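So the chains spell out like this:
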Amino acid sequence: MQTIFRGKHFIDLEDFTKEEVDTMIDVSMDLKKKFAMGMATPYLQNQTTFLIFFEQSTRTRNSMEAGLAQLGGHAGFLDGSTMQVSHGETEKDTAIILSRFGHGIACRYCNWGIGNKYLREMAKYATVPIMNLQCDLYHPMQGLADLMTMKEKIGDLKRVKVSIIWAYAESHKKPISVPVTQLLLFPRYGMDVVLAHPKGWELPDWVIEKARANAAKYGGTVTVTNNEEEAYEGAHIVIPKNWGSWVNDQTGLTTTGASKVVDDKLMAQRGWKCTEAKMATADKDVMYMHALPADRNNEVENSVIDGPHSIVYDEAENRLHTAKGVMTLLMGGR
């Protein structure tokens, strides 16, 4: 078990070895057991983390705030629109000053072409861990929670077929960070990963190449298809979720974030929806996952997300435990 984490930045799970990811999961599971037993876990007593949000959040903000409180610390919520960054303060100055005020900085910044660069720039100057709460490219907290949930439900994940499937949604043009993170992470556990999407919603070529390299190293496979049926057929886990066509089309990009884009190209893909009929072609014990919030009746039928195959609430709960695991290792430990 690799145990040296203190002071490291948490921006992309690819920055960590598989052994280190395993440690994160082990610590998260231990914290979950202690939480269930009502045991105190004051591992970050009197420590402060600053949570910078440029976008809305429910699970991420509250898992971080509740998690740090349960670890004995305090989280300070910062809305990007009310910070001096809105007047042009640089990443460097923000990172240096907040580092002197506390013990960790966590940030969500999903704007295409900006978010990950902003986090990496802060990481150059911060003297405390920078934690990615979702950017335009990665959502490592979600990836960890997904992996933890799969391990709880299945155990050994080798040769498990997991399908990451694009799904129709109208709420807003979502980041690609969730499917990118999943596609890079799951092959590291020997899974047979299928990525399915309509033409026009491709992920970056470098992501596919890196995912296939991970699969070759750890004994998994990566299949990319435009055939939705192929993804559902015989799948043990399905993750039908919308993401935007950012790689090919920047329509909807604004300085304040992604706007709603419902055009003819999107409307033509309304059939990409998770239904009971499609679920019936998967493994009889198939599990339905979603990072939430789901665009109900667009991405998925209510009878599926509320049905016996759905594990979305277990998955969401694990956002708390993995957030605590990451903070404990990066801000405490050794």
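Above: the structure in question.
Residues numbered from 1 in each chain as written. Predicted model: local features only at pLDDT ≥ 70, side-chain atom pairs only at ≥ 80, totals over all residues. Heavy atoms only, no water.

Participant: Residue-level account of the overall build of the protein, with values.
Facilitator: Check the secondary structure of the protein and you find 12 helices and 11 strands. On C-alpha atoms alone, the protein measures out to a radius of gyration of 19 Å, which is about the 20 Å that the 2.2 N^0.38 rule sets for 334 residues. Here the protein holds 334 residues, and 57% of them are scored as buried. Considering only contacts in the protein between residues 6 or more positions apart, those separated by 24 or more positions represent 81%. In the protein, which carries 37 positive and 41 negative side-chain charges, the distance between the mean positions of the two groups comes to 4 Å. (Helix = DSSP H or I, 4+ residues; strand = E, 2+ residues; numbered from the N terminus. Rg over C-alpha atoms; globule rule 2.2 N^0.38 Å. Buried < 20%, exposed > 50% of the residue type's maximum accessible area, 1.4 Å probe, protein only. Contact = heavy atoms within 4.5 Å. Lys, Arg positive; Asp, Glu negative; His and termini not counted. Charge placed at Lys NZ, Arg CZ, Asp CG, Glu CD.)

Participant: Hey, could you go over the environment of His 87 for me, with residue numbers and the actual values?
Facilitator: Tracing the backbone through its elements, the reader meets His 87 in the loop between strand E2 (74-79) and helix H3 (91-101). Here His 87 falls in the exposed class, since its relative accessible area comes to 68%. Along the primary structure His 87 and Ala 196 are separated by 109 residues, whereas in three dimensions their C-alpha atoms are 41 Å apart.

Participant: Please provide a residue-by-residue account of the pattern of salt bridges, values included.
Facilitator: In total, this model carries 15 salt bridges according to the counting rule given. Between Asp 30 and Lys 34 there is a salt bridge, with the nearest N and O atoms lying 2.7 Å from each other. Of this pair, Asp 30 and Lys 34 both sit in helix H1 (residues 18-37), 4 residues apart, roughly one helical turn. Ionic pairing is found between Glu 228 and Lys 278, a salt bridge with its closest N-O pair at 3.0 Å. Of the two residues, Glu 228 is situated in helix H8 (residues 228-232) and Lys 278 in helix H10 (residues 276-279); the sequence distance between them amounts to 50 residues. (Salt bridge = Lys/Arg side-chain N within 4 Å of Asp/Glu carboxyl O.)

Participant: Describe the pairing of strand E7 (residues 221-225), listing the residues and the values that go with them.
Facilitator: In this sheet, E7 lies alongside strand E6 (residues 192-196) in parallel orientation, the contact comprising 5 bridges. Within E7, the residue paired with Leu 195 across the bridge is Val 224. In this fold, E6 hands off to helix H7 (residues 205-218), which returns the chain to E7; that crossover is right-handed. (Pairing = 2+ DSSP bridges. Right-handed = clockwise from strand over helix to strand, strands pointing away.)

Participant: So what about the packing of H1 against helix H5 (residues 140-153)? Which residues, and what values?
Facilitator: Contact geometry of H1 with H5 gives a least axis separation of 10 Å together with a crossing angle of 70°. Taken together, the axes of H1 and H5 lie roughly perpendicular to each other. Across from Val 21, Met 24, Ile 25, Ser 28, Met 29 and Lys 32 in H1, the residues of H5 making contact are Leu 144, Leu 147, Met 148, Lys 151 and Glu 152. (Axes fitted to C-alpha atoms, helices over the stretch in contact; angles between N-to-C directions. Parallel < 35°, antiparallel > 145°, perpendicular 65-115°, else oblique.)

Participant: Residues and numbers for the packing of aromatic side chains, please.
Facilitator: Taken as a whole and assessed by the stated rule, the structure comprises 10 aromatic pairs. Arranged with centres 4.9 Å apart and planes meeting at 50°, the rings of Trp 166 and Trp 201 form a pair that is tilted. Here Trp 166, found in strand E5 (residues 161-166), pairs with Trp 201, found in the loop between E6 and H7; they are 35 residues apart in sequence, far enough to count as distant. The pair formed by Trp 166 and Trp 201 is uniform in burial state, with each residue classed as buried. Their ring planes at 75° and their centres at 6.3 Å tell us that Trp 166 and Trp 272 sit as a pair that is edge-to-face. Within this pair, whereas Trp 166 is found in strand E5, its partner Trp 272 is found in the loop between helix H9 (264-267) and H10, the two being separated by 106 residues in sequence. For the pair Trp 166 and Trp 272, a shared accessibility class is recorded, and that class is buried. The rings of Phe 5, Phe 10 and Phe 16 are connected pair by pair, giving a single aromatic cluster. Against the face of Phe 5 rests Lys 8, its NZ or CZ located 5.6 Å from the ring centre. In this structure, Arg 61 is placed above the aromatic ring of Phe 77, and the distance from its NZ or CZ to the ring centre is 3.5 Å. (Phe/Tyr/Trp six-rings, centres within 6.5 Å; stacked < 30°, edge-to-face > 60°. Lys NZ or Arg CZ within 6 Å of the ring centre and 35° of its normal.)

Participant: Account for the sheet that holds E5, with residues named and values stated.
Facilitator: Strand order in the open sheet formed by 5 strands is E7-E6-E5-E8-E11, and the pairing between neighbours is parallel. The open sheet has two edge strands with one neighbour each: E7 and strand E11 (287-288). Two strands pair when backbone bridges link them, and E5 and E6 are joined in this way by 5 bridges, in the parallel orientation. Bridged to Lys 161 within E6 is Asp 192. Where helix H6 (residues 177-185) meets the sheet, it contacts E5, E6, E7 and strand E8 (237-241), and its direction lies at approximately 160° from that of E5.

Participant: Lay out the side chain of Thr 60 in plain terms, naming residues and giving numbers.
Facilitator: Its location among the elements puts Thr 60 in helix H2 (residues 59-70). Here Thr 60 is in contact with Phe 53, Arg 108, Leu 133, His 139 and Arg 319, once residues within four sequence places are set aside.

Participant: Pulling in residues and values, what's your account of the nonpolar core?
Facilitator: Ranked by size, the top nonpolar core spans 101 residues in total, and within it Phe 10, Leu 183 and Met 191 carry the most contacts. Ranked by residues supplied to this core, first place goes to helix H12 (residues 312-331) with 8 residues. Residues contacting Met 191, with those up to four places away along its chain left out, are Met 150, Leu 157, Arg 159, Val 160, Val 162, Phe 186, Gly 220, Thr 221 and Ile 237. (Core = buried A, V, L, I, M, F, W, Y, C linked by side-chain atoms within 4.5 Å.)

Participant: Mind laying out the sheet that holds strand E3 (residues 104-109), listing which residues take part and the relevant values?
Facilitator: Within a sheet, each strand pairs with its neighbour through backbone hydrogen bonds, oriented either parallel or antiparallel. Here 4 strands make up an open sheet; going across it, the order is E2-E1-E3-E4 and the pairing parallel. Across the chains shown, the open sheet's two edge strands, defined by having one partner strand only, are E2 and strand E4 (130-135). Taken over all neighbouring pairs, the strand axes of this sheet differ in orientation by 15° on average, direction set aside. Relative to the sheet, H3 contacts strand E1 (48-53), E2 and E3, its axis offset from that of E1 by approximately 150°.

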